[in-house]
Amino acid sequence: MLLKKITLGVFTFLTCIIARGQTQPPVEKGDFYPTDLVELIRLDTSLVLDIRYATAANFTGRPVYTQARAFLQRPAAEALVQANAALKPLGYGIVVFDGYRPWRVTKTFWEITPPDKKQFVANPAQGSRHNRGCAVDVSLVNLVTGKQVPMPGAYDEMTERSYPDYTGGTPEQRANRDLLRKVMEAHGFTVYRYEWWHFDYQGWQHYRLLDIPFEEIE
Ligand SMILES: [Zn+2]
């Protein structure tokens, strides 16, 4: 009985070690800025949230977040608020699909994405800029109708329609996409070359890969 208990204990211990080795973000050497994740709606209540990963309406077909919240590192969050303010006189606002994303979610995305679509997801061995709290997925809402504006492709669509330089779609769709990009770029963000909705904030390299669950962020 005792031997059985010890064997079980050793087995559990080893399982934990193995699982731990596979479930932690890669360790990066060097100096990093302190983590300062800010909940976006606390800075600007006019930002619209459409947190797809907290619903089944995302490419995984199931909720991967337990809370519909969005965070960014403080300078990126403040820049997003400025971009939102710049859009207001034009009759538009920003809708946020996703911001900071815990590393374990990036790992899940990588595992379920087929090999020919991997350019649309980050390799967990390197981590995502979302994991650093420095990337945000956004679109535009029309402030009069409250509806999201038409874009050349859907959020998280894994086709060439997602490329920011895609020349198809209607002139209106391309104008909306290009307006979003112009305003975001004027506020320190860079569009990802495969996704019109994904923007990285300048200096993202200075923040660590994080795996903090939303529940643990105040
Ligand atoms: Zn993204």
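As shown above, the structure is provided for reference.
Residues numbered from 1 in each chain as written. Predicted model: local features only at pLDDT ≥ 70, side-chain atom pairs only at ≥ 80, totals over all residues. Heavy atoms only, no water.

Caption draft 1: View of the overall build of the chain. Within the chain one finds 5 helices and 7 strands. Reading the secondary structure of the chain in the N-to-C direction produces α-β-α-β-β-α-β-α-β-α-β-β. Within the span of the chain, comprising 218 residues, buried residues form 45% of the whole. Relative to all contacts within the chain whose residues are 6 or more apart in sequence, the contacts with residues 24 or more apart total 75%. Accessible area for the chain stands at about 11700 Å²; split by element, carbon and sulfur atoms hold 56% of it. (Helix = DSSP H or I, 4+ residues; strand = E, 2+ residues; numbered from the N terminus. Buried < 20%, exposed > 50% of the residue type's maximum accessible area, 1.4 Å probe, protein only. Contact = heavy atoms within 4.5 Å. Areas by Shrake-Rupley, 256 points an atom, 1.4 Å probe, with all protein chains shown as cover.)

Caption draft 2: Highlighting the coordination of the zinc ion. Around the zinc ion, the protein contributes the donor atoms His-130 (NE2), Asp-137 (OD) and His-198 (ND1), which lie 2.0 to 2.1 Å from the metal centre. Along the chain, the residues donating to the zinc ion fall in the pattern H-x6-D-x60-H. Pair noted here: Asp-137 is in strand β5 (residues 135-142) and His-198 is in strand β7 (residues 195-201), with a separation of 61 residues, a long-range link. (Donors = N, O, S within 2.8 Å, 3.2 Å for Na, K, Ca; no water.)

Caption draft 3: Structural context of the sheet that holds strand β6 (residues 189-192). Strand order in the open sheet made by the 5 strands is β2-β4-β5-β7-β6, with mixed pairing throughout. The open sheet is flanked by β2 (48-49) and β6, the only strands paired with a single partner. Where β2 meets strand β4 (residues 92-98), 2 bridges bridge the pair, whose relative direction is parallel. What sits directly across from Leu-49, in β4, is Val-96. In this fold helix α3 (residues 74-87) packs onto β4, β5, β6 and β7, with an angle of close to 145 degrees to the strand it touches most, β4. (Pairing = 2+ DSSP bridges. Axes fitted to C-alpha atoms, helices over the stretch in contact; angles between N-to-C directions.)

Caption draft 4: The arrangement of the side chain of Asp-156 in detail. Here Asp-156 shows up in the loop between β5 and α5 (171-185). The side chain of Asp-156 sits in the buried core without any salt bridge; Arg-101 is the nearest counter-charge, 6.1 Å away. Looking at Asp-156, its side chain comes within polar contact range of the side chain of Tyr-53, at 2.5 Å. Those residues in contact with Asp-156, other than ones at most four positions away along the chain, are Tyr-53, Phe-59 and Trp-197. (Lys, Arg positive; Asp, Glu negative; His and termini not counted. Salt bridge = Lys/Arg side-chain N within 4 Å of Asp/Glu carboxyl O. Polar contact = N/O pair within 3.5 Å; in protein donor to acceptor, adjacent residues only side chain to side chain.)

Caption draft 5: Looking closely at the packing of aromatic side chains. Within this structure, the stated rule accounts for 15 aromatic pairs. Ring geometry for Tyr-53 versus Tyr-65: centroids 5.7 Å apart, planes at 80 degrees, classification edge-to-face. Taken as a pair, Tyr-53 in the loop between β2 and β3 (71-73) and Tyr-65 in the loop between β2 and β3 lie far apart in primary sequence, 12 residues in all. Tyr-65 matches Tyr-53 in its accessibility class, with the two residues each being buried. Their ring planes at 20 degrees and their centres at 4.2 Å tell us that Phe-97 and Tyr-155 sit as a pair that is stacked. With Phe-97 in strand β4 and Tyr-155 in the loop between β5 and α5, this pair connects stretches of sequence that are 58 residues apart. An identical accessibility class is assigned to Phe-97 and Tyr-155; each is buried. The ring of Trp-110 has Lys-118 lying over it, and the distance from NZ or CZ to the ring centre is 4.3 Å. Taking the ring centre of Trp-204 as reference, the NZ or CZ of Arg-129 above it sits at 3.7 Å. (Phe/Tyr/Trp six-rings, centres within 6.5 Å; stacked < 30°, edge-to-face > 60°. Lys NZ or Arg CZ within 6 Å of the ring centre and 35° of its normal.)

Caption draft 6: Looking closely at the environment of Ala-56. Of note, Ala-56 is situated in the loop between β2 and β3. The exposure class of Ala-56 is partly exposed, given its relative accessible area of 45%. In this structure, Ala-56 is in contact with Gly-61, Arg-62 and Pro-63, ignoring residues within four places of it in sequence.

Caption draft 7: Representation of the pairing of β5 in the model. Most of β5 sits inside the fold, with 7 of its 8 residues counted as buried. As paired strands, β4 and β5 are joined by 6 bridges and run antiparallel to one another. Bridging from a neighbouring strand, Tyr-92 pairs with Asn-142 of β5. Where β5 and β7 come together, 3 bridges link them in antiparallel fashion. Paired with Val-136 across the two strands is Phe-199, which belongs to β7.

Caption draft 8: Fine view of the nonpolar core. Formed by 47 residues in total, the largest nonpolar core has its most connected members in Leu-80, Ile-94, Val-136, Val-138 and Met-184. The greatest single-element share of this core, amounting to 7 residues, is contributed by α3. Setting aside anything within four residues of it in sequence, one finds Met-184 in contact with Leu-80, Ala-83, Ile-94, Val-136, Val-138, Phe-189 and Phe-199. (Core = buried A, V, L, I, M, F, W, Y, C linked by side-chain atoms within 4.5 Å.)

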